[in-house]
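# Tertiary structure, described
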Amino acid sequence: MNHSGINTRDPRPGVKAAGKVDLTSDEGTDKCVQQDIFYQAPGTPDKIKKYRKSYNAEPGARVVHYGLAEDVKRVNPNQMYGKKTYGSDHVNQVIRPNNETGLADYFNERKESKYASNQREPLGKSMSRKYEFPGQVTSSNFAFGVANVESESAKEVLFPQGGALREDEDKKKMYVKTHGAWEAGEQKDRGYEWGLDKTQHRFGKSDRVVEGGAAAALQHEAGGSYYPKTRIVKKTVEDFRNVSTEALGKSRHLGQDGAGGDKVFGIQTAKNDAWDAGKCITGEANERELQPDSDLGKARKRVLVKDSVPGAETRVFGVPSIRDDVPKKKRQSVADFNNYGDEPRSNELLFPQNYTDIGVDEGDFYTPWPRAEIKAMFENIGHSYKMGKFNAMFNRATQIAECEEGYASVRSFMQAIAELDHIE
């Protein structure tokens, strides 16, 4: 028994356990995993709790501003504010205060029928204005309004068969002048006399063409001949500018002198070194060292000669892939990777059966079940029979499945239903 109170069996009683065993500690795996149960975290102090959002988020708690949290404690929590609602008449009493039945209701309707509003607007009917219509209005074919006169169809107006009609130029000019109805893509012409060819003339002022404008914008310090102007300054000012500014694409001048432009610092890499990186990786093997090993592809483990041991001719060494030589445990561990011959084949993985996704295998349909289980299963899917007919089907299913008395498989009972279902 370990320190957690659970009985465990030592698989190797003769081997001493490694490490140090602490028998006084009460910290097991359950307490390490469920720390929120065994080790309660310290709560928020009361003077800080009122500033937390979770303080007002508790179910059934009143939302109180933290500035009034201390004042609310001195107020009666059951105190109610506002004006009390007094009882009044209910809706059914207001809509129909006098709920009479029988003769009382009949007499009430006779009294109400004397009013003009009840006669003009009876309940559940349209308002009657007592108009005196001519006799032809009562005909079933009568209709109000003026009948439409048949004319051209809208399709012929929008898409005439002979194509679009061409209007006269005079009418077109009239619509252009009054409505501005120019054609699609047509240039607007208001009839001005410009004295020039408007198809070739451009209005407005043209831009002055400047040669080398982009270069002048990038080299703003260049002059008219596109060369920088020469300015004579003091040498101390130029030296300060060279040290304080950083030229694009050049290293910063740190004031060091005496080194030429081709000066290179550091130690030069030996160019004539025979052992470079390539030789360090591949080495310099001779012809004999490049030959394959003499034991390549041969077994080096010494085994018994078949002729020296009786029965060695048919002996197979190694462990089989399917462990049918050992019995399968009733409850297989998750760490047991052995195949006991009950795993699905490759064709079953590529083409699974119909009920594999719900955990039902094809072998479950051929498993023998008692009479009560078969009856309950088929009643749940809508196959309910009388006791006499069910017993006949069950006995036939037992014969088909060749099971012992009182047992039948699901598949055999399905076959019995196909044979005896039509018999009453």
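Predicted model only: the values in this text are computed from it and were never measured. (Residues numbered from 1 in each chain as written. Predicted model: local features only at pLDDT ≥ 70, side-chain atom pairs only at ≥ 80, totals over all residues. Heavy atoms only, no water.)

## Some thoughts on the overall build of the protein chain
As a reminder of what qualifies: We count a stretch as a helix when DSSP gives it H or I for four or more residues in a row; a strand needs E for two or more, and each element gets its number in order from the N terminus. Working definition: with a 1.4 Å probe on protein chains only, accessible area under 20% of the residue-type maximum means buried, over 50% means exposed, and in between means partly exposed. Contacts were defined at the residue level, with two residues in contact if any of their heavy atoms lie within 4.5 Å. Note that accessible areas follow from Shrake-Rupley with a 1.4 Å probe, and for residues the cover is restricted to the protein chains shown.
The secondary structure content of the protein chain amounts to 16 helices and 2 strands. By the burial criterion, 7% of the 424 residues in the protein chain qualify as buried. In the protein chain, of all internal contacts separated by at least 6 residues, the share reaching a separation of at least 24 is 30%. If you sum the accessible surface of the protein chain, you get close to 41,200 Å²; carbon and sulfur atoms cover 53% of it.

## With respect to the packing of helix α14 (residues 371–380) against helix α16 (residues 410–420)
Under the convention used in this document: Lines fitted to C-alpha atoms define the axes here, with helix axes fitted over just the stretch in contact, and angles between the N-to-C directions of these axes take values from 0 to 180 degrees. Should the near helix be turned anticlockwise from the far one by less than a right angle, the crossing is left-handed, and should it be turned clockwise, the crossing is right-handed. Following the grouping adopted for this structure description, the nonpolar residues are Ala, Val, Leu, Ile, Met, Phe, Trp, Tyr, Cys and Pro, the charged ones are Asp, Glu, Lys and Arg, and the polar ones are all others, Gly among them.
With their axes 11 Å apart at the nearest point, α14 and α16 run at an angle of 65° to one another. Relative to α16, α14 is oriented so that their crossing is right-handed. Here I374, M377 and F378 of α14 come into contact with α16, specifically with V410, F413, M414 and I417. When the residues that make up the contact of α14 with α16 are grouped by side-chain class, the tally is 7 nonpolar, no polar and no charged.

## Some points on the environment of H65
Secondary-structure assignment places H65 in the loop between α3 (46–49) and α4 (69–72). For the pair H65 and K50, spaced 15 residues apart in the sequence, the C-alpha separation amounts to 8.2 Å.

## Some remarks on helix α15 (residues 387–401)
Rules: To estimate how far a helix should reach, multiply one less than its number of residues by 1.5 Å.
When the terminal C-alpha atoms of α15 are compared, their 21 Å separation across 15 residues agrees well with the 21 Å that a helix rising 1.5 Å per residue should span. Residues K389, F390, M393, F394, A397 and T398 constitute the buried set of α15. As for α15, its buried residues are in contact with β1 (369–370), α14, β2 (407–408) and α16. Just downstream of α15, E402 is the residue with a positive phi angle, here 55°.

## Focus: a nonpolar patch on the surface
Selection criterion: Nonpolar side chains (Val, Leu, Ile, Met, Phe, Trp, Tyr) are joined into patches within 5 Å and like charges within 9 Å, using only residues with over 30% relative accessible area and no salt bridge. By definition, a salt bridge exists where a carboxyl oxygen of Asp or Glu is found within 4 Å of a side-chain nitrogen of Lys or Arg.
A grouping of Y131, F133, F142 and F144 is seen on the molecular surface, where their side chains present a nonpolar patch of about 500 Å² in accessible area. On the secondary structure map, Y131 appears in the loop between α7 (116–120) and α8 (154–158). Residue Y131 is classed as exposed on the basis of its relative accessible area, which comes to 55%.

## Quick notes on the packing of aromatic side chains
For the record, the criterion: The aromatic pairing rule takes the rings of Phe, Tyr and Trp, using the six-membered ring of Trp, and pairs them if the centres are within 6.5 Å, calling planes under 30 degrees apart stacked, those over 60 edge-to-face and the rest tilted. Distance and angle both matter: a charge sits over a ring if NZ of Lys or CZ of Arg is within 6 Å of the ring centre and within 35 degrees of the ring normal.
Overall, the coordinates contain 9 aromatic pairs when judged by the stated rule. Between the aromatic rings of Y106 and F107, the centroid separation amounts to 5.9 Å while the plane-to-plane angle is 55°, which identifies the pairing as tilted. Residue F107 is classed as partly exposed on the basis of its relative accessible area, which comes to 49%. Measuring from centroid to centroid gives 6.0 Å for Y131 and F133, while their planes differ by 85°, and the two rings are edge-to-face. The ring of F365 has R411 lying over it, and the distance from NZ or CZ to the ring centre is 4.8 Å.

## Observations regarding unusual backbone geometry
Of note in this structure, E402 is not a glycine but carries a positive phi near 55°. Structurally, E402 can be placed in the loop between α15 and β2.

## Quick look at the side chain of K389
We apply this condition: For this count, His and the chain ends are skipped, Lys and Arg are scored as positive, and Asp and Glu as negative.
Following the sequence through the fold, K389 ends up in helix α15. It is D421 that comes nearest to the buried, bridge-free K389 among opposite-charge side chains, at 4.0 Å. Excluding anything up to four places from it in sequence, K389 contacts L420, D421 and I423.

## Some remarks on helix α9 (residues 169–179)
Every α-helix winds through 3.6 residues per turn, so residues three or four apart in the chain are directed the same way. Burial analysis of α9 places just 1 of its 11 residues in the buried class, which makes it a mostly uncovered element. G180 sits one or two residues past α9 and shows a positive phi near 65°.

## Focus on the packing of α14 against α15
Which entries qualify depends on this criterion: In these notes the angle categories are as follows: under 35 degrees is roughly parallel, over 145 is roughly antiparallel, 65 to 115 is roughly perpendicular, and the rest is oblique.
Look at α14 against α15: their axes get within 11 Å of each other, and the N-to-C directions meet at 115°. The angle between α14 and α15 places the two elements in the roughly perpendicular class. The two elements α14 and α15 meet at a crossing, and its hand is right-handed. Contacts between α14 and α15 involve R371, I374 and K375 from the first element and M387, F390, N391, F394 and N395 from the second.

## Overview of the pattern of salt bridges
Two side chains bearing opposite charge may form a pair once their charged atoms approach each other closely. Scanning the model with the defined rule gives 9 salt bridges in all. Taking the shortest distance from any N to any O, the salt bridge between R74 and D71 comes out at 2.7 Å. Judged by its relative accessible area of 64%, R74 is exposed.

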